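Architecture and fold: a report
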Amino acid sequence: MASTREYLLVWDSTMANPNGDMLNDNKPRHDEITGQLEVSDVRIKRFVRDEWQSMGHNVLVRTKKDNDGKVMSCTSLIKEVMDKAKIKEAELPNHLLKEYIDVRLFGAVITKPKYDITGPLQVMWSKSVNPAEIKFMQGNSAYAGGEGKSQSTIWSKYISPYALFKTYAVYNDNTAKRQSIEVSEKDLDEFSKALINGLINYRSTSKNQMPRLLAEVVYKEHRIDGELNYIDINYDSNVEELRDISQATLDLRKLCTYYENKKESIETIRIYKHGSVKVENLSEDFKIIEF
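Per chain, residues are indexed from 1 in the order of the written sequence. Selection of residues for local features in this predicted model requires a pLDDT of at least 70, selection of side-chain atom pairs for listing and counting requires 80 or more, and totals for whole chains, interfaces and linings are taken over all residues. Remark: hydrogens and water are excluded; side-chain values derive from all non-hydrogen atoms of the structure.

1. Observations regarding the pattern of salt bridges
Any Lys or Arg side-chain nitrogen located within 4 Å of an Asp or Glu carboxyl oxygen qualifies as a salt bridge. A complete count under the given rule lists 19 salt bridges for this structure. One salt-bridge network, in which partners are shared between bridges, spans R5, E185, E216 and R270.

2. Overview of the layout of surface pockets
Using protein atoms alone on a 1 Å grid, points that fit a 1.4 Å probe yet trap it form a cavity, whereas open point sets bounded by protein on both sides within 12 Å along at least five of seven lines form a pocket; residues with an atom within 4 Å of a point count as lining. Grid points are joined across faces, edges and corners, and a volume is the space filled by probe spheres set on the points. The space that makes up the largest pocket amounts to roughly 560 Å³. Forming the walls of the largest pocket are 26 residues, and the residues nearest its centre are V42, R49, L60, V61 and R62. Numbered from the N terminus, helices here are DSSP runs of H or I no shorter than four residues, and strands are runs of E no shorter than two. Listing elements by their share of the lining of the largest pocket, those giving two or more residues are α1 (41-55), α2 (74-85), β5 (107-110) and β6 (115-118). With six residues, the top contributor of residues to the lining of the largest pocket is α1. Of the residues belonging to the lining of the largest pocket, the class tally is 13 nonpolar, seven polar and six charged. Here the second largest pocket defines a volume of roughly 200 Å³. If you trace the second largest pocket, you find it lined by N58, R62, K64, E80, V81, K84, A85, H95, E99 and Y100. For the lining of the second largest pocket, the secondary structure elements donating two or more residues are α2 and α3 (92-99). At four residues, the largest contribution of residues to the lining of the second largest pocket is made by α2. Any residue outside Ala, Val, Leu, Ile, Met, Phe, Trp, Tyr, Cys, Pro, Asp, Glu, Lys and Arg is labelled polar, Gly included; the first ten of those are nonpolar and the last four are charged.

3. Things to note about the packing of aromatic side chains
Working definition: a ring pair exists when centres of Phe, Tyr or Trp rings (six-membered ring for Trp) sit within 6.5 Å. Plane angles under 30 degrees give stacked, over 60 give edge-to-face, the rest tilted. Here the structure, examined in full by the defined rule, presents seven aromatic pairs. Here the aromatic rings of W11 and F165 are separated by 4.3 Å at their centres, their planes lie at 15°, and the arrangement is stacked. Taken as a pair, W11 in strand β1 (residues 5-16) and F165 in strand β10 (residues 152-171) lie far apart in primary sequence, 154 residues in all. The buried label goes to any residue with under 20% of its type's maximum accessible area, the exposed label to any with over 50%, and the partly exposed label to all in between, with areas taken from a 1.4 Å probe on protein chains only. The class for F165 is buried, based on a relative accessible area of 0%. Taking NZ or CZ as reference, R43 lies 4.0 Å from the ring centre of F47, over its face. Whether a charge lies above a ring is judged from NZ of Lys or CZ of Arg, which has to be within 6 Å of the ring centre and within 35 degrees of the ring normal.

4. A few points about the packing of α1 against helix α6 (residues 185-201)
With their axes 8 Å apart at the nearest point, α1 and α6 run at an angle of 100° to one another. One element, α1, and the other, α6, form an angle in the roughly perpendicular class. For the pair α1 and α6, contact is made by I44, F47, V48, E51, W52 and M55 and by E190, F191, K193, A194, L195, N197, G198, L199 and N201, respectively. Tallied by class, residues from the contact of α1 with α6 come to nine nonpolar, three polar and three charged. In this description, a line fitted to the C-alpha atoms serves as the axis of each element, helices being fitted only across the stretch in contact, and the angle between N-to-C directions of two axes falls anywhere from 0 to 180 degrees. When describing relative orientation, an angle under 35 degrees is termed roughly parallel and one over 145 degrees roughly antiparallel, while 65 to 115 degrees is termed roughly perpendicular and anything else oblique. Note on definitions: a residue-residue contact is assigned when non-hydrogen atoms from the two residues lie within 4.5 Å.

5. So, the nonpolar core
Nonpolar side chains in soluble globular proteins tend to be buried together. Core analysis: the largest hydrophobic core is formed by 47 residues, its most contacted members being W52, L60, L96, L105, L121 and F191. Ranked by residues supplied to this core, first place goes to α6 with six residues. To qualify as a nonpolar core, a set must consist of buried Ala, Val, Leu, Ile, Met, Phe, Trp, Tyr and Cys residues joined through side-chain atoms within 4.5 Å. Of all hydrophobic cores here, the second largest spans 28 residues; its members include V170, Y219, L250 and Y258.

Here it is, written out as structure tokens:
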């Protein structure tokens, strides 16, 4: 069984919509009081699941269409899984946990047959560390809006010039043990890889994000800090003028202090670092992995 660990990912989004709100004209989700952008756990896990699929892992929660081109419901998808594996309802929970990495880590809510799994790896909502501007953009597409039309279609969308985020996640071994979920160290290694590469590999004009630093704290015993918010962002200019990662420095002094105070219960701290980011107070006791 893998040991408890916590993650803090620092990443940014440039000239993009990190997480559109479909109930608000697909504007970037934001806090109206502070001006900070918000990103749901679902959006982050979608990056991870897409990357897992490209790595060859079985992923249960995905968009899949039937032979008629319609998106399959949860019930239809589960029926297909059971038919393909030739298993009965009573065998479904163990099959899902064994064969699907996203169920093993993130959990799942199955409607029929009714079965709920609380994921031992939870990803929290993210907020940008800077108040981010939201812009409304319009332009002309290359094609006309229909046959016989003389003008091209006008497109419109909302974007934010720049936002720098922190995302917290935690793997709780007690949650896994209570449900007899066998989570391996390899499973969690695959999560770290997919968390980083998922953001890198799934970039587009609407999703233009880059991971900058991932801190992974692996514990010797069951221990959870609860937020791991020990990375400060120092700005080279006014925070409102932040437009690129080169204008910021990540300060790990608080993480070093946390390690010194809790080292008897910490196995290791891994720092996955992008080459473009400036970091200060990086302890020699940490394992550094460049990406």
